[in-house]
Amino acid sequence: MSQGSTPTSSKADRADQLGLGLEADDADTCPICGGYGVITYDVPVHDERFGKSYPCPRCGEDSRRRLRRRALRKLSNLDAHVTSTFATFEIDLPNLSASQASSLRSAMDICARYAEDPKGWLLLQGGYGCGKTHLAAAIANHCVDSGLATLFMTVPDLLDHLRSTFGPSSEVQYDEMFDRVSNIPLLVLDDLGSESPTPWALEKLYQIINHRYSYRLPTVVTTNINVETIEPRVRSRLVDQELTRSVKIDAPDYRRGGFAQAENALTNLTLYDDMHFDTWDPRADLPKQDRDNLRRAFEWAQYFAANPQGWLILTGTYGCGKTHLAAAIANERQLAGENAMFVTVPDLLDHLRATFNPASPVSYDRLFNDIRNAELLVLDDMGVENASPWAREKLFQIIDYRYRSRLATVITMSRTLDEIDERLASRMGDSSRGVVFAITAPSFRGKKPPGGGGGSTPRRGASRSATG
């Protein structure tokens, strides 16, 4: 028996030829096989062992495992995420609230358990930079190290790869690529919802997800958009509670230190942290008709805070209490661990305009997307009668998106629906989406506006206009 034939190229060169992505590691080189894990016998040509390779008796099995891990790593597409592990995931970031730190810790624990036993599907939801991609990559890295064939792909890249297989210079056929993605033992799809929603892209994505759904193949998906806005066929697979564990991560962008974000500057709920339901003034000095109107407004707000579905639109004169009720709803949901965004409409439009400045720390697309997809959005002081056409259009795009996506939204304004843009009124006045409640009580500092009492006591499932 002799050491395997001495190669004319280095181990690293040989590994590249094999397509295994190996690197030389001379410190661990086996003196028998030279680190290849195989040997050949120096025997005459007529010997049956001539020209054949055999496992090295010293390191053959270890070498094969090492080669397999390296082959799996190359297959995994994790080169850009090799440092994304559970050990490098940071939880104790500065300026995190207790609920945010708890959300990160819970998400990491769930992902770590999944990585140990990847069964079913895992859906990670959260805003930009909250850590969901890191956790998804940590799952993939752990599984690769455990010997499980894994593929990590952002959804836009996946679709681009599939398109490229139709090119004449492609080294991989479409069927081969599609089969690899559809049947890989663990597939991680990062950033679902950022792809171009062409009919072709949606169809290919659905075919992959439906195949893995049908065969119950382990799959991890991350997204920063509301699940309700995902293509219905894909969404129906993602929300199957028998297969999918959904994890919502409530944390700021850790890449920017977790604080001082443009988004945090936009949502100014901290300015209204004294406005809760238990600090509400029922104003016992008012006439009974006004007291009843305020009581019904208060009940509607409490009902919405407990069941944040659809829309609640509060109208009334300045100082009548509508902002207090809107802030109380947002504070209540935030205490429940949800991501509530509270913003005055003039500030919102100013922030959107500011993103066009080259020095802006956040892009327009990102900020606009965060606003549109907020779990709960409170738009305070909507009064766009003097707004520019650009401002009207941006506001309509936000309202229309949330209307179509049926996202929980609270709006306050001092004008009636008849006095605002017709397109906005058509969305906000749809009784199938929620309630418009007119607060007819006078301002704390002013006089009562014309009109009588209104409103009705909330009933579960109610979706109607309450006018005063």
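Quick caveat: nothing in here was measured; it's all calculated off a predicted structure. Numbers given to residues run from 1 along each chain, matching the order in which its sequence is written. Reporting of local features is limited, given that this is a predicted model, to residues whose pLDDT is at least 70; pairs of side-chain atoms are given and counted only at 80 or more, and all residues count toward the totals for whole chains, interfaces and linings. As a convention, hydrogens and water are excluded, and side-chain values are obtained from all of the structure's heavy atoms.

## Thoughts on the overall build of the protein chain
Okay, so step 1: We count a stretch as a helix when DSSP gives it H or I for four or more residues in a row; a strand needs E for two or more, and each element gets its number in order from the N terminus. A tally of regular secondary structure across the protein chain gives 15 helices and 12 strands.
Okay, so step 2: Whether a residue is buried, partly exposed or exposed follows from its accessible area with a 1.4 Å probe, protein chains only, as a fraction of its type maximum: under 20%, in between, or over 50%, in that order. When the 468 residues of the protein chain are sorted by exposure, 48% land in the buried category.
Okay, so step 3: Throughout, a residue-residue contact means that at least one pair of heavy atoms, one from each residue, lies within 4.5 Å. Sequence separation of at least 24 residues holds for 77% of the intrachain contacts in the protein chain that already meet a minimum separation of 6.

## Topic: the pairing of strand 3 (residues 121-126)
Okay, so step 1: Counting buried positions along strand 3 yields 6 of 6 residues, so the element is predominantly enclosed.
Okay, so step 2: Going residue by residue along strand 3, you find Trp121, Leu123 and Gln125 tucked away on one face and Leu122, Leu124 and Gly126 tucked away on the opposite face as well.
Okay, so step 3: Two strands qualify as a pair provided that DSSP identifies no fewer than 2 bridges between them. Relative to strand 6 (residues 219-223), strand 3 is paired through 5 bridges, and the arrangement is parallel. Note that in strand 6 the partner of Gln125 across the bridge is Thr223.
Okay, so step 4: Alignment of strand 3 against strand 7 (residues 244-249), held across 6 bridges, turns out to be parallel.

## As for the packing of aromatic side chains
Okay, so step 1: Between the rings of Phe, Tyr and Trp (Trp by its six-membered ring), a pair exists once the centres lie within 6.5 Å; its type follows the angle of the planes, with under 30 degrees stacked, over 60 edge-to-face, and the other angles tilted. The full count for this structure, using the stated rule, is 6 aromatic pairs.
Okay, so step 2: Aromatic side chains Trp121 and Tyr213 sit 6.1 Å apart centroid to centroid with 80 degrees between the ring planes, which places their arrangement in the edge-to-face category. Pair noted here: Trp121 is in strand 3 and Tyr213 is in helix 7 (residues 199-214), with a separation of 92 residues, a long-range link.
Okay, so step 3: Summarising the aromatic geometry, the rings of Trp300 and Tyr303 are spaced 6.1 Å apart at their centres and angled 90 degrees between planes, so their arrangement reads as edge-to-face. With a gap of 3 residues between them, Trp300 and Tyr303 both fall in helix 10 (residues 288-306), about one helical turn apart.
Okay, so step 4: Joined through ring pairs, the aromatic side chains of Phe277, Trp280 and Phe298 make up one cluster.
Okay, so step 5: We count a charge as sitting over a ring when the NZ of a lysine or the CZ of an arginine lies within 6 Å of the ring centre and within 35 degrees of the ring normal. Just above the ring of Tyr213 sits the side chain of Arg237; from NZ or CZ to the centre is 4.7 Å.
Okay, so step 6: The ring of Tyr403 has Arg433 sitting right over it, with the charged end atom 4.1 Å from the ring centre.

## Describing the nonpolar core
Okay, so step 1: With 60 residues, the main nonpolar core has Leu122, Ile139 and Val220 as its most contacted residues.
Okay, so step 2: If sequence neighbours within four positions are ignored, Leu122 has contacts with Ile110, Cys111, Tyr114, Ile139, Thr219, Val220, Val221, Arg245 and Val247.
Okay, so step 3: Residues belong to one nonpolar core when they are buried, are Ala, Val, Leu, Ile, Met, Phe, Trp, Tyr or Cys, and are joined through side-chain atoms within 4.5 Å. Counting 31 residues, the second-largest nonpolar core is a separate cluster that includes Phe304, Cys320, Ile329 and Ala340.

## Details of helix 6 (residues 174-183)
At 3.6 residues per turn, the α-helix brings residues three or four places apart onto the same side.
Okay, so step 1: By the burial criterion, the buried members of helix 6 are Tyr174, Met177, Phe178, Val181 and Ser182. Within helix 6, the buried residues cover an arc of 125 degrees as seen down the axis, which keeps them to one side.
Okay, so step 2: Where the residues of helix 6 are buried, they touch strand 4 (150-154), helix 5 (155-164), strand 5 (186-190) and helix 7. Note: the arc covers the axis-to-C-beta directions of the helix.

## Observations concerning the environment of Leu148
Okay, so step 1: Summarising the element assignment, Leu148 is placed in the loop between helix 4 (132-145) and strand 4.
Okay, so step 2: Contacts of Leu148, omitting those with residues within four sequence positions, involve Leu72, Pro118, Cys143, Pro185 and Leu186.

## Quick notes on the pairing of strand 4
Okay, so step 1: Most of strand 4 sits inside the fold, with 4 of its 5 residues counted as buried.
Okay, so step 2: Note: strand 4 against strand 5, 5 bridges, orientation parallel. Across the sheet, residue Phe152 finds its bridge partner in strand 5, namely Val188.

## Topic: the environment of Ala87
Okay, so step 1: Looking at where Ala87 falls in the secondary structure, it is placed in the loop between helix 2 (60-76) and helix 3 (98-116).
Okay, so step 2: Judged by relative accessible area, Ala87 falls into the exposed class, the value being 76%.
Okay, so step 3: In this structure, the C-alpha to C-alpha distance between Ala87 and Ala138, residues 51 residues apart in sequence, is 8.7 Å.

## Structural notes on the sheet that holds strand 5
Okay, so step 1: Pairing within the open sheet is parallel, and its 5 strands lie in the order 4-5-6-3-7. Strands with a single pairing partner mark the edges of an open sheet, and in this sheet they are strand 4 and strand 7. Averaged over all pairs of adjacent strands, the angle between strand axes in this sheet comes to 10 degrees, irrespective of strand direction.
Okay, so step 2: Helix axes are fitted to C-alpha atoms over the stretch in contact, other axes to C-alpha atoms as well, and angles between N-to-C directions run from 0 to 180 degrees. Sheet contacts for helix 7: strand 3, strand 5 and strand 6; angle to strand 5, the most-contacted strand, approximately 140 degrees.

## As for the pattern of salt bridges
Okay, so step 1: By definition here, a salt bridge exists when the distance from a side-chain nitrogen of Lys or Arg to a carboxyl oxygen of Asp or Glu is within 4 Å. Evaluation of the coordinates by the stated rule reveals 16 salt bridges.
Okay, so step 2: A salt bridge links Arg180 to Glu176; the shortest N-O distance between them is 3.5 Å. With Arg180 and Glu176 both in helix 6 and 4 residues apart, this pair spans about one turn of that helix.
Okay, so step 3: Taking relative accessible area as the criterion, Arg180 reaches 32% and is therefore assigned partly exposed.
Okay, so step 4: Classification of Glu176 by relative accessible area gives partly exposed; the value is 42%.
Okay, so step 5: With a shortest N-O distance of 3.8 Å, Asp421 and Arg392 are connected by a salt bridge. In this pair, Asp421 sits in the loop between strand 11 (408-413) and helix 15 (422-428) while Arg392 sits in helix 14 (residues 389-405), placing the two residues 29 residues apart along the sequence.

## A look at the packing of helix 10 against helix 11 (residues 322-335)
Okay, so step 1: Look at helix 10 against helix 11: their axes get within 9 Å of each other, and the N-to-C directions meet at 25 degrees. In terms of their interaxial angle, helix 10 and helix 11 are classed as roughly parallel. Crossing hand, helix 10 versus helix 11: right-handed. Of the residues in helix 11, those touching helix 10 at Ala297, Phe298, Ala301, Phe304, Ala305 and Ala306 are Leu325, Ile329, Glu332 and Arg333. Angles below 35 degrees are treated as roughly parallel, those above 145 as roughly antiparallel, those between 65 and 115 as roughly perpendicular, and all remaining angles as oblique. Crossing handedness is defined as follows: a turn of the near helix away from the far one that is anticlockwise and smaller than a right angle gives a left-handed crossing, while the clockwise case is right-handed.

## Description of the confidence of the model for the protein chain
Okay, so step 1: Within a predicted model, pLDDT stands for the predictor's per-residue confidence, ranging from 0 to 100. This prediction gives the protein chain a mean pLDDT of 80; 78% of its residues lie at or above 70.
Okay, so step 2: The weakest mean pLDDT in the protein chain belongs to helix 1 (residues 11-18) at 33; the strongest belongs to strand 6 at 96.
Okay, so step 3: Every residue in residues 1-27 scores below 50 in pLDDT, and together they form 41 contacts with partners more than four places removed in sequence or on other chains.
Okay, so step 4: Across residues 459-465 the pLDDT falls below 50, and counting only partners more than four positions away or on other chains, this stretch makes 17 contacts in the model.

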